[in-house]
Structures are given as structure tokens and as C-alpha cells.
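# Structural description and commentary
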Amino acid sequence: MASLRDKKVLVHCVMNLRATAFYSLFAMKHRGWSVDAADALMSPFWRDRPEYQNGGVWRVFVESQRAKILGNG
């Protein structure tokens, strides 16, 4: 992604779940996004998904990666 910084890149997922999860982590790490900005991107797609509720596999994954990005993990 970094090598394509000045180009448009299509990040695709049929339901926009993985795409929003991974892009929000990328944007936190490389674009300086806050957790709130990342959540704003993800929320419309993830809010009602059981795997993103507390303890769900995707919530655990995203939170663990955010902790690493923020230097807490």
C-alpha cells in the first residue's frame, strides 16, 4: 500500500467487513487515524455483527492489532 501512496487502490470485500477492518488498521498505523476515526469507518458495517461484539473473534483481532499500533500490545 505504501508504494501506491499516490494512486487509487481498490480494497474489496463483498460485505465490506474485512476491507473496513484492515483499512482502518492501515490508516491508524500509516495515516495517523484515531480509534474514533477507525470506528467511524467500521461501525456501519460491523455494529450488528456477532463476531464483532465484545469477545467476538474479529473484535479480539482488531483490538489486538490496535494495541500494537498504539504501542500497548
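From a predicted model like this one, the values you see are computed outputs, not experimental measurements. (Residues numbered from 1 in each chain as written. Predicted model: local features only at pLDDT ≥ 70, side-chain atom pairs only at ≥ 80, totals over all residues. Heavy atoms only, no water.)

## Points about the packing of helix H1 (residues 18-31) against helix H3 (residues 57-69)
Angle between the axes and distance between the axes: these two values describe a pair of packed helices. This is how the line gets drawn: To get an axis, fit a line to the C-alpha atoms, keeping to the stretch in contact for a helix; angles then go from 0 to 180 degrees between the N-to-C directions. Every helix listed is a DSSP run of H or I at least four residues long, and every strand listed is a run of E at least two residues long, numbered separately from the N terminus. Working rule for angles: under 35 degrees goes down as roughly parallel, over 145 as roughly antiparallel, 65 to 115 as roughly perpendicular, anything else as oblique. Should any heavy atoms of two residues lie within 4.5 Å, those residues are considered in contact. Under the grouping applied here, Gly and all other residues not named as nonpolar or charged are polar, the nonpolar ones being Ala, Val, Leu, Ile, Met, Phe, Trp, Tyr, Cys and Pro and the charged ones Asp, Glu, Lys and Arg.
For the pair H1 and H3, interaxial distance at closest approach is 10 Å and the crossing angle is 10°. With respect to their mutual orientation, H1 and H3 come out roughly parallel. In this structure, H1 uses Arg18, Ala21, Phe22, Leu25, Met28 and Lys29 to contact H3, whose residues at the interface are Trp58, Phe61, Val62, Gln65, Arg66 and Ile69. Its residues assigned to classes, the contact of H1 with H3 comprises eight nonpolar, one polar and three charged.

## Here's the deal with the packing of aromatic side chains
Note the following rule: Working definition: a ring pair exists when centres of Phe, Tyr or Trp rings (six-membered ring for Trp) sit within 6.5 Å. Plane angles under 30 degrees give stacked, over 60 give edge-to-face, the rest tilted.
Under the counting rule described, the total for this entry stands at seven aromatic pairs. Centroid distance Tyr23 to Phe26: 5.7 Å. Interplanar angle 40°. Geometry classified as tilted. Of the two residues, Tyr23 and Phe26 are both situated in helix H1; the distance of three residues between them amounts to about one turn of the helix. In textbook terms, an aromatic cluster arises when at least three aromatic residues are bridged by ring pairs, as seen for Phe22, Trp46, Tyr52, Trp58 and Phe61.

## A look at the pattern of salt bridges
Under the convention used in this document: Here, a salt bridge means any side-chain nitrogen of Lys or Arg that lies within 4 Å of a carboxyl oxygen of Asp or Glu. Under the scheme applied here, a residue whose accessible area is under 20% of the maximum for its type counts as buried, over 50% as exposed, and between as partly exposed, the area being computed with a 1.4 Å probe on protein chains only.
One pass over the structure, following the stated rule, counts four salt bridges. In this structure, Arg66 and Asp39 form a salt bridge, with 2.7 Å as the shortest nitrogen-oxygen distance. Taken together, the residues Arg66 in helix H3 and Asp39 in helix H2 (residues 35-46) connect sequence positions 27 residues apart. You can call Arg66 buried: its relative accessible area is 2%. According to the relative accessible area criterion, Asp39 is partly exposed, its value standing at 29%. Put simply, Arg49 and Glu51 hold a salt bridge, and the shortest N to O gap is 2.9 Å. Judged by relative accessible area, Arg49 falls into the partly exposed class, the value being 25%. Residue classification places Glu51 among the partly exposed residues on the basis of a relative accessible area of 22%. Overlapping salt bridges, with partners in common, bring together Asp39, Arg59, Glu63 and Arg66 in one network.

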